[in-house]
Amino acid sequence: MAELIDGKALAAAMRAEMAEKVAALRAETGVTPGLGVVLVGDDPASKSYVTAKERALAEAGMVSRDIRLPAETTQAELLQVIAELNADPAVHGILVQLPLPKGLDEAEVIRAIAPEKDVDGFTPVNVGKMVIGEECYLPCTPHGVMKMLERAGVATKGKHAVVVGRSNIVGKPVAHLLAAKNGGNATVTLCHTATQDLAAFTRQADILVVASGRPNTVTGEMVKPGAVVIDVGVNRVPCAGTKTGYRLCGDCDFESVAAVASKLTPVPGGVGPMTITMLLENTHQAAVRAAKRQRS
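Presented here is a report on the structure given in the accompanying data block.

What counts and what doesn't
Residues numbered from 1 in each chain as written. Predicted model: local features only at pLDDT ≥ 70, side-chain atom pairs only at ≥ 80, totals over all residues. Heavy atoms only, no water. Pairing = 2+ DSSP bridges. Helix = DSSP H or I, 4+ residues; strand = E, 2+ residues; numbered from the N terminus. Axes fitted to C-alpha atoms, helices over the stretch in contact; angles between N-to-C directions. Salt bridge = Lys/Arg side-chain N within 4 Å of Asp/Glu carboxyl O. Core = buried A, V, L, I, M, F, W, Y, C linked by side-chain atoms within 4.5 Å. Buried < 20%, exposed > 50% of the residue type's maximum accessible area, 1.4 Å probe, protein only. Contact = heavy atoms within 4.5 Å. 1 Å grid on protein atoms, 1.4 Å probe; cavity = no way out; pocket = protein on both sides within 12 Å on 5 of 7 lines; lining within 4 Å. Points joined across faces, edges and corners; volume = space filled by probe spheres on them. Nonpolar A, V, L, I, M, F, W, Y, C, P; charged D, E, K, R; others polar.

Focus: the sheet that holds strand β4 (residues 93-96)
Okay, so step 1: Taken together, 3 strands build an open sheet; the order of strands is β3-β2-β4 and the sheet is parallel. Across the chains shown, the open sheet's two edge strands, defined by having one partner strand only, are β3 (63-69) and β4. Pairs of neighbouring strands in the sheet enclose a mean axial angle of 15°, with direction left out of account.
Okay, so step 2: Pairing between strand β2 (residues 34-40) and β4: 4 bridges, direction parallel. In the strand pairing of β4, Val-38 is matched with Val-96.

Some thoughts on the pattern of salt bridges
Opposite charge on two side chains makes pairing possible when the charged atoms of those side chains draw close.
Okay, so step 1: For the structure shown, the criterion picks out 9 salt bridges.
Okay, so step 2: In this structure, a network of salt bridges that share partners links the residues Glu-54, Asp-66 and Arg-68.

Quick look at the nonpolar core
Nonpolar side chains in soluble globular proteins tend to be buried together.
Okay, so step 1: Val-145, Leu-149, Leu-178, Val-209, Ile-230 and Val-232 are the most contacted members of the largest nonpolar core, which totals 47 residues.
Okay, so step 2: The element best represented in this core is helix α10 (residues 271-295), accounting for 7 residues.
Okay, so step 3: Those residues within four positions of Val-232 in sequence are excluded, and the remaining contacts are Thr-141, Val-145, Val-170, Val-209, Val-210, Ala-211 and Val-271.

Remarks on the layout of surface pockets
Okay, so step 1: In this structure, the largest pocket occupies an estimated 1600 Å³ of space.
Okay, so step 2: Along the wall of the largest pocket there are 50 residues; nearest its centre are Tyr-49, Thr-141, Val-234, Gly-272 and Thr-275.
Okay, so step 3: Counting residues per element, the ones that place at least two in the lining of the largest pocket are α1 (7-29), α2 (44-59), β4, α6 (140-151), β9 (235-238), β10 (246-249) and α10.
Okay, so step 4: By residue number, the principal contributor to the lining of the largest pocket is α2, which donates 9 residues.
Okay, so step 5: Partitioning the lining of the largest pocket into residue classes produces 26 nonpolar, 13 polar and 11 charged.

Concerning empty space enclosed by the protein
Okay, so step 1: Tallied over the full model, the rule gives 1 cavity of 30 Å³ or more.
Okay, so step 2: The space that makes up the largest cavity amounts to roughly 60 Å³.
Okay, so step 3: Contributions of two or more residues to the lining of the largest cavity are made by β4 and α4 (106-112).
Okay, so step 4: Broken down by element, the residue count for the lining of the largest cavity peaks at 3 residues, all from β4.

Below is the structure:
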């Protein structure tokens, strides 16, 4: 039976460390890390995510500037809000909760965020810097995956890592971080919807990262015995015995994969808490860099 990599416990430990670093920064420089959080519309899942992020910021001693806009907000109005946050010295990072309502251009909105405040790591500048190995803000979920592997004592150098999913938010960047010489230094195979015989690739993986966005993409017979499996997916599936009528599950069939893997992340309680933790890390780093610019 696989050992579970407890993302909640890892995140709690890292957030406690973060609170100490925030307090030290405030004492040394008078700077408190601040994050501008922009939510457009009233999507329940987005509201839930934003609330969790704001709670984590408060617990770490950071300041959250909460901006909630109606779904009818125009592109120009949203860009104006971002411009104001870019210009605000008390705001060190900017998070625009995605997805945006229909009619708004997400790509243009992301490009409008100043790269030095792009704590999600989504702007072309930060993505480009990540690819060529320069200092930048790493996207939070892929960075969280790498931290989980590190803190769980999983060696990645020279291992064969297989990533299932090629999204710009998870699949592509985590594949790059796993392959990077100054990162995982692994040999990486990236699989996606056009991959023929997916199981032939997943069975080769020493480290398997599944971010397909679809339940039961990977089952136990598709996993190499002893592999480390990181399940990034969060899916709602019908469940009659619950108050909500659904339950959360990942992209792997948990029971069959747990019987084969050596380590496995649960859903919920795996990668999710680490994503928010890395957002805190990036926001702290943004504040540190802003404080240095003020002193120079």
